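Observations on the model geometry
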Amino acid sequence: MSGRVTAVSSNGEYSFTKPNRDSVVLLAGLGVEGDVHAGVTVKHRSRVAQDPTQPNLRQVHLIHEELFAEVGEEGFKVAPGELGENITTRGIDLLRLPVGTLLRIGDSAVLEVTGLRNPCLQIDTFQDGLLKQVVGRDEAGNIVRKAGIMSIVREGGVVRPGDTVDIELPSGPHQPLDRV
């Protein structure tokens, strides 16, 4: 299984959106070089307030580009980087990957999938009503989070739009993604 990187984004300041870049550098054990969320311990403000010593399982945020078309059908216009992701992909069902999946990107970068992004109220500040499009419930009443996945950097490297993303599933049994 494989897909493609369609955009890469980073921001050195706390901001909901992240500007697109020509490339980003992934640093093993840290995240995206120069990004406000890079680090060994948590950097997301809500997590830091709970316990700043927690390991950072949210070093790199990925979103599938197909989500933009899905919310577009409901009248929302979203482009890569606008939901705060670092890497936008196409052709990968990110939300169905199990915990521990390795994503080999470009020549050398390797990410390990840690869980689902837990969307926050900032999404509605960005576009009113968008939060309900990226968080919902299934037929059984379970919460469904669609705002991408989180990962840690196992091996560093440069990532650019157009790079191939090869998927390596962990040995079973597979653990479904949950929020991190």
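Heads up: these notes are all about the structure in this document. Keep in mind it's a predicted model, so treat the numbers as computed, not measured.

Notes on the layout of surface pockets
There is about 520 Å³ of room inside the largest pocket. Forming the walls of the largest pocket are 23 residues, and the residues nearest its centre are His37, His44, Arg58, Cys120 and Gln122. Secondary structure elements with two or more residues in the lining of the largest pocket: helix H1 (45–50) and strand S5 (60–64). In this structure, the second largest pocket spans a volume of roughly 240 Å³.

A closer look at the sheet that holds strand S4 (residues 31–32)
In space, the three strands of this open sheet follow the order S4-S3-S12, with antiparallel pairing throughout. Each edge of the open sheet carries a strand with a single partner, namely S4 and strand S12 (157–159).

Describing the nonpolar core
Formed by 23 residues in total, the largest nonpolar core has its most connected members in Leu26, Ile87, Leu103, Ile105, Leu111, Ile149 and Val159. For this core, the secondary structure elements donating two or more residues are strand S1 (2–9), strand S3 (24–27), S5, strand S7 (102–105), strand S8 (109–116), strand S11 (149–155) and strand S13 (164–168). No other element matches S8, which puts four residues into this core. Residues in contact with Val159, not counting those within four places in the same chain, are Val5, Val8, Ser23, Val24, Leu26, Ile87, Ile105 and Ala109.

Conventions adopted
Residues numbered from 1 in each chain as written. Predicted model: local features only at pLDDT ≥ 70, side-chain atom pairs only at ≥ 80, totals over all residues. Heavy atoms only, no water. 1 Å grid on protein atoms, 1.4 Å probe; cavity = no way out; pocket = protein on both sides within 12 Å on 5 of 7 lines; lining within 4 Å. Points joined across faces, edges and corners; volume = space filled by probe spheres on them. Helix = DSSP H or I, 4+ residues; strand = E, 2+ residues; numbered from the N terminus. Pairing = 2+ DSSP bridges. Core = buried A, V, L, I, M, F, W, Y, C linked by side-chain atoms within 4.5 Å. Buried < 20%, exposed > 50% of the residue type's maximum accessible area, 1.4 Å probe, protein only. Contact = heavy atoms within 4.5 Å.

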